[in-house]
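# Coordinate analysis (summary)
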There are 2 protein chains.
Amino acid sequence: MATIDDVAKSAGVSKSTVSNVFSQKRPISKEVSERVLEAARELNYKPNYWARSLANKETRIIGLNMEGEKVKFGQFRMALLNGVLQECYDRGNRLLVNMLPKHFTNRLENWSSDPIDGEILLDPMVRDPRIEERVASGIPIVVIGKPPESHESTVSYVSSDNVGAGRRVTEYLIGLGHRNILFLNAPKHRTVSHERLDGYRRALETAGLSVDTRLLVYRDEGFESSEEYGYITAKRLLYARPSITAIITDTDKIARGVYQAAEELGLIIPRDLSVFAFSLETAYGTELQPPVSSMRLNGELLGSEAAKMLLDQCASKTPVVRRVIIPWELILRDSCAPVKVFL
Amino acid sequence: MATIDDVAKSAGVSKSTVSNVFSQKRPISKEVSERVLEAARELNYKPNYWARSLANKETRIIGLNMEGEKVKFGQFRMALLNGVLQECYDRGNRLLVNMLPKHFTNRLENWSSDPIDGEILLDPMVRDPRIEERVASGIPIVVIGKPPESHESTVSYVSSDNVGAGRRVTEYLIGLGHRNILFLNAPKHRTVSHERLDGYRRALETAGLSVDTRLLVYRDEGFESSEEYGYITAKRLLYARPSITAIITDTDKIARGVYQAAEELGLIIPRDLSVFAFSLETAYGTELQPPVSSMRLNGELLGSEAAKMLLDQCASKTPVVRRVIIPWELILRDSCAPVKVFL
DNA sequence: CTGTTAGCGCATTCAC
DNA sequence: GTGAATGCGCTAACAG
């Protein structure tokens, strides 16, 4: 690969002239410029990205960081990714998907700063070392979701209105007459689970109902799949507590497991059991029979807003902490019905 | 941000010692090593990625290149991405999603080599400047899909068996009695459209039928959405040529438009019109009523195989051209039926 | 408008 | 085992 020196020599000019022809950071006479470009073409020369970054202290790359092992993109994350990419596209940035295994990053030889100008963090946790580390290093970050309390006032974020969503769903089910609503929440270490629970609580309290902690379950990572988790947990609890008439799940994949459990227990959805899923891993919620009611979370907007905030933050020298809350939309399909009345 | 010099000074050793403590490229006494690490911790030092890359001539980043404007990830691309990421994860590589607008890369100041060790190219075209450019620069690439003929023997690729798929689908429809099968193919400039057409042709010829070129349509980019393209094209052609009893579409989104056209023309699927979609943008093909028959293309395997090939290629000093063909699976749902017999 | 010089932060010869 | 010098390819500050 040819270097800037080769081009300079070949065009009979200095390195800095070549550099400036490319960077356009100061005017070069048309004549010289053409000569340089011609030489560059001949030598198949392109400025070296790393060298440029090293000197510029800027990469024009932002990172997308997903916590956990073997995280896959599902429908929601994909929408989010599309939003981020759209913004990157519009502003000439690249996106680095940052998902390295711990057994890798833990090894000394793989230690290093990240090759990015800033990073978007997904799935914030109640105690999130990623955030602490970025803040300590002074790397601009934007969190998607609610940051842990310790950083809520110092870190920019964009989040769905999870408290409101939790509340709205619960109110809806209460309105249908449900009193024993099982909540198969997200994992306890994720901040989102606390927000949703908060909404759930408030709805119950507003309705004058008390919260039965036995109906509160956090997703536990020990299961092989979401479906299995939903299936096993629902089956166990529906069996132990037949008074349950409705279930709120974290995702539609978990709902899928719940559907299966219901079927095996001879419960018909929605006649005997109402099911609601917060977020959708699949596109239309129609792969289940009946289609499951859910929230539309607008991942694309979450993503594009986050990217926008991050890129602004990278650009400005005096960054400001910003927050954006993205509204959800309640999508009613056919999985919830008024509670059965025993005559 | 602290540099290697700061750490060296603070630990009372030389730069190279610090370097070697981190890179582990040669033994450092435990004592000195600890002292260096301690100093690094105090200063919050991490080796600088760009500087390291510059010296190492290696980034441990691979790129994913998608052609075209405003490309979004749909279901298929997402599966593909997951496969690529899985492999990156296992081998400690990062993924750079490379999707910069032309009006950006065309500007001189944004010209540069890409900050990657190698690249995966999606959606190869019949004449693909991306490939020529990479080959000229000596950057390792792997194409997903069939490369243009000019490079078929020099570039590694992994592809679905598109010819076989085209053939199989057509045979299936012929077997149902269809004789006038409209083919809403992928865009003409994509190699995949030619492969599928090839299969379509062979099936017809084997059955002793002739190819009616008026039933061959290539996707044209002039439409706002896939749905609209499917809708308008199907409506026009179904109206003009009522003898059409079956339609093969590129994707399920296009099929969605076809469904709409059929409905407006009073055609019932599959009674009056059979519809088949090659690839699925949505997860289950169930968002359409009736669910559309399609191919399962195994995007995840395509992605992981491509990443594997690419990383191998980056590692070896004497790269070999490899090809992998991923089998498809025919998924029959309820959108195709035997052709109506007029009594 | 163009050339010269001195870094950016790290890795890699060599010596010791 | 450790240290000093040189270079990776480019940009920037200062001359002219």
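Residues numbered from 1 in each chain as written. Chains lettered and ligands numbered in written order. Predicted model: local features only at pLDDT ≥ 70, side-chain atom pairs only at ≥ 80, totals over all residues. Heavy atoms only, no water.

Going by the annotation in an unreviewed UniProt entry, the name recorded for chain A is LacI family transcriptional regulator, with Paenibacillus spongiae given as the source organism.

Right, let's talk about the UniProt feature "domain: HTH lacI-type" (unreviewed entry) in chain A for a bit. The UniProt feature table records "domain: HTH lacI-type" (unreviewed entry) at residues 2–56 of chain A. Secondary structure across residues 2–56 of chain A divides into 71% helix and 0% strand, with the first and last C-alpha atoms of the span separated by 20 Å. (UniProt positions renumbered as here; feature names shortened; annotations may be inferred. Helix = DSSP H or I, 4+ residues; strand = E, 2+ residues; numbered from the N terminus.)

All right, on to the interface of chain A and chain B then. Facing 61 residues of chain A, the contacting portion of chain B comprises 62 residues. Taking both partners together, chain A and chain B bury about 6000 Å²; carbon and sulfur atoms supply 62% of that area. A per-residue breakdown of the area chain A buries against chain B is headed by Trp50, Tyr89 and Arg94 of chain A, which together make up 15% of the total. There are 6 salt bridges connecting chain A and chain B. Where Lys46 of chain B meets Glu133 of chain A, a salt bridge forms, and the shortest distance between an N and an O atom there is 2.7 Å. At the boundary of chain A and chain B, one finds 22 residue pairs in polar contact (both at pLDDT 80 or more). Those elements giving two or more residues to the side of chain A that touches chain B turn out to be α2 (15–23), α4 (49–56), α5 (75–90), β2 (94–98) and α7 (129–137) of chain A. Residue composition of the side of chain A that touches chain B, grouped by class: 29 nonpolar, 18 polar and 14 charged. (Contact = heavy atoms within 4.5 Å. Buried area = accessible area lost by both parts, 1.4 Å probe. Salt bridge = Lys/Arg side-chain N within 4 Å of Asp/Glu carboxyl O. Polar contact = N/O pair within 3.5 Å; in protein donor to acceptor, adjacent residues only side chain to side chain. Nonpolar A, V, L, I, M, F, W, Y, C, P; charged D, E, K, R; others polar.)

Take chain A, turn it by 180°, move it 0.0 Å along the axis, and it overlays chain B with an RMSD of 0.1 Å. Taken together, these values place the two copies in the relation of a two-fold axis. When C-alpha positions in chain A are compared against the rotation axis, the closest is assigned to Leu96 of chain A, at 2.2 Å. (Least-squares fit on C-alpha atoms with pLDDT ≥ 70 in both.)

Here we take up the nonpolar core. Residues Leu95 and Ile120 of chain A together with Phe73, Leu95 and Ile120 of chain B are the most contacted members of the largest nonpolar core, which totals 54 residues. In contact with Leu95 of chain B, other than residues within four places in its own chain, are Leu95, Leu96 and Val97 of chain A together with Ile62, Gly63, Leu64, Leu81, Val84, Leu85 and Cys88 of chain B. (Core = buried A, V, L, I, M, F, W, Y, C linked by side-chain atoms within 4.5 Å. Buried < 20%, exposed > 50% of the residue type's maximum accessible area, 1.4 Å probe, protein only.)

Moving on, we come to the domain arrangement of chain A. All names here are of chain A. Domain assignment breaks chain A into domain 1 (4–54), domain 2 (61–161 + 299–328) and domain 3 (162–295 + 330–342). Across the boundary between the two partners, domain 2 contributes 15 residues, which contact 17 residues of domain 3. Here domain 2 and domain 3 share an interface that buries about 1200 Å² over both sides, 55% of which is from carbon and sulfur atoms. Run the count over domain 2 and domain 3 and you get 0 salt bridges. Inspection of the domain 2/domain 3 interface yields 8 residue pairs in polar contact (both at pLDDT 80 or more). Residue assignment for the side of domain 2 that touches domain 3 shows that the elements contributing at least two residues are α5 and β5 (156–160). (Domains from an automatic or database assignment.)

Time to look at the protein's contact with DNA strand D. Taken together, 29 residues are adjacent to DNA strand D, and Ile4, Lys15, Ser19 and Arg52 of chain A together with Val32 of chain B come closest. Arg26 of chain A has a polar side-chain atom sitting 3.1 Å from a base nitrogen of DNA strand D. For the surface near DNA strand D, the elements supplying multiple residues, two or more each, are α2 and α4 of chain A together with α2 (15–23) and α4 (49–56) of chain B. When residues of the surface near DNA strand D are assigned to their parent elements, the largest contribution, 5 residues, is made by α4 of chain A. Here the residues of the surface near DNA strand D are counted per class, giving 12 nonpolar, 10 polar and 7 charged. (Near = heavy atom within 4 Å.)

The next point concerns the pairing of strand β1 (residues 61–65) of chain B. A regular strand carries its side chains on alternate faces of the sheet. All names here are of chain B. Most of β1 is tucked away: 5 of the 5 residues are buried. By the alternation rule, side chains of β1 split into Ile61, Gly63 and Asn65 and Ile62 and Leu64, which are all buried. Both β1 and strand β2 (residues 94–98) contribute to a ladder of 5 bridges, which runs parallel. By the bridge assignment, Asn65 is partnered in β2 with Asn98. Following the backbone out of β1, through helix α5 (residues 75–90) and into the adjacent parallel β2, one traces a crossover that is right-handed. In this sheet, strand β3 (residues 118–121) lies alongside β1 in parallel orientation, the contact comprising 4 bridges. The partner of Asn65 across the bridge, within β3, is Leu121. (Pairing = 2+ DSSP bridges. Right-handed = clockwise from strand over helix to strand, strands pointing away.)

Take the sheet that holds strand β9 (residues 274–279) of chain B next. Residues and elements named next belong to chain B. Spatial strand order, β7-β6-β8-β9-β10-β12: 6 strands in an open sheet with mixed pairing. Looking at the sheet topology across the chains shown, the edges are occupied by β7 (216–219) and β12 (329–331). Recorded for the sheet is a direction-independent mean angle of 20° between the axes of neighbouring strands. Sheet analysis places strand β6 (residues 181–187) next to β7, joined by 4 bridges and oriented parallel. When the sheet's bridge partners are listed, Asn185 is paired in β7 with Tyr218. Across the face of the sheet, helix α11 (residues 252–264) comes into contact with β6, β7, β8 (246–251) and β9 while running at roughly 140° to β8. (Axes fitted to C-alpha atoms, helices over the stretch in contact; angles between N-to-C directions.)

The next point concerns the protein's contact with DNA strand C. Around DNA strand C there are 28 residues in total, and Thr17, Ser29 and Val32 of chain A together with Ile4 and Ser19 of chain B lie nearest to it. Near the protein, within 4 Å, the atoms of DNA strand C are sugar or phosphate in 64% of cases. A distance of 2.5 Å is found between a phosphate oxygen of DNA strand C and a backbone nitrogen or oxygen belonging to Ile4 of chain B. Within the contact set of DNA strand C, a phosphate oxygen lies 2.6 Å away from a side-chain nitrogen or oxygen of Ser19 of chain B. Looking at the surface near DNA strand C, the elements that each hand over two or more residues are α2 and α4 of chain A together with α2 and α4 of chain B. Considering every element that reaches the surface near DNA strand C, the biggest residue donor is α4 of chain B, with 4 residues.

All names here are of chain B. The end-to-end C-alpha separation of α11 is 18 Å, in line with the 18 Å expected for 13 residues at 1.5 Å each. Within the sequence span of α11, burial applies to Asp252, Ile254, Ala255, Gly257, Val258, Tyr259, Ala261 and Ala262. Gly266 sits one or two residues past α11 and shows a positive phi near 75°. (Expected span 1.5 Å × (residues − 1).)

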